[in-house]
Amino acid sequence: MNSIESIGENIRILRLKNGFSQEQLALSAGVNTSYIGQIERGEKNPTIKILEQISAALEITLVDLLTLYDPKGGVRSGCHPSALTITPETIKQCLLEVLMDNTNMIIENKKET
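Worth saying up front: this structure is predicted, and the values here are computed from it rather than measured.

Novice: Tell me what's going on with the nonpolar core, and back it up with residues and numbers.
Specialist: Looking at soluble globular proteins, one finds that nonpolar side chains tend to be buried together. One finds Ile11, Leu25, Ile54 and Leu65 to be the most contacted residues of the largest nonpolar core, which totals 19 residues. For this core, the secondary structure elements donating two or more residues are helix H1 (3-17), helix H2 (22-29), helix H3 (33-40), helix H4 (48-57), helix H5 (62-66) and helix H6 (88-112). Filtering out sequence-adjacent residues up to four positions away, Ile11 remains in contact with Leu25, Ile39, Glu40, Leu51, Ile54 and Leu65.

The following block contains the structure:
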């Protein structure tokens, strides 16, 4: 699972934990319902601004949104299994991984066309 998919999974887990439908979260965050679904499936790479809107709608911090959650409950570590705490450096690393994944996805799509 890449970083984009991990963030999408986090959003889905937190949305369900808060009892929101995709439509309710989208309305509260000010984004399109289909966009929430695409983010959750790892099909779209949301901007920091969108992630901030989603985290505000979920009433959590951006750091909490980037923390990897286990669907069974509890917290997994940051983007790397070896990370034990979320620090500014860990957040930078997570965001860098998302950018790299997105760049690789664009390159692969261009090769296919």
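Novice: So, H3: which residues are in play, and what are the values?
Specialist: For H3, the full list of buried residues reads Ile36, Gly37, Ile39 and Glu40. The arc enclosing the buried residues of H3, seen along the axis, measures out at 160°, which places them on a common side. Next to the buried residues of H3 lie H1, H2 and H4. With its phi angle positive at about 75°, Gly42 sits one or two positions after the end of H3.

Novice: Quick rundown of the environment of Ile13? Include the residues and the values.
Specialist: The residue Ile13 is located in helix H1 in this model. Residue classification places Ile13 among the buried residues on the basis of a relative accessible area of 11%. A sequence separation of 27 residues divides Ile13 from Glu40, and the C-alpha atoms of the two residues are 9.2 Å apart.

Each value, and the rule that gives it
Residues numbered from 1 in each chain as written. Predicted model: local features only at pLDDT ≥ 70, side-chain atom pairs only at ≥ 80, totals over all residues. Heavy atoms only, no water. Core = buried A, V, L, I, M, F, W, Y, C linked by side-chain atoms within 4.5 Å. Buried < 20%, exposed > 50% of the residue type's maximum accessible area, 1.4 Å probe, protein only. Helix = DSSP H or I, 4+ residues; strand = E, 2+ residues; numbered from the N terminus. Contact = heavy atoms within 4.5 Å. Arc of directions from axis to C-beta.

All we've got here are geometric facts, nothing functional implied.
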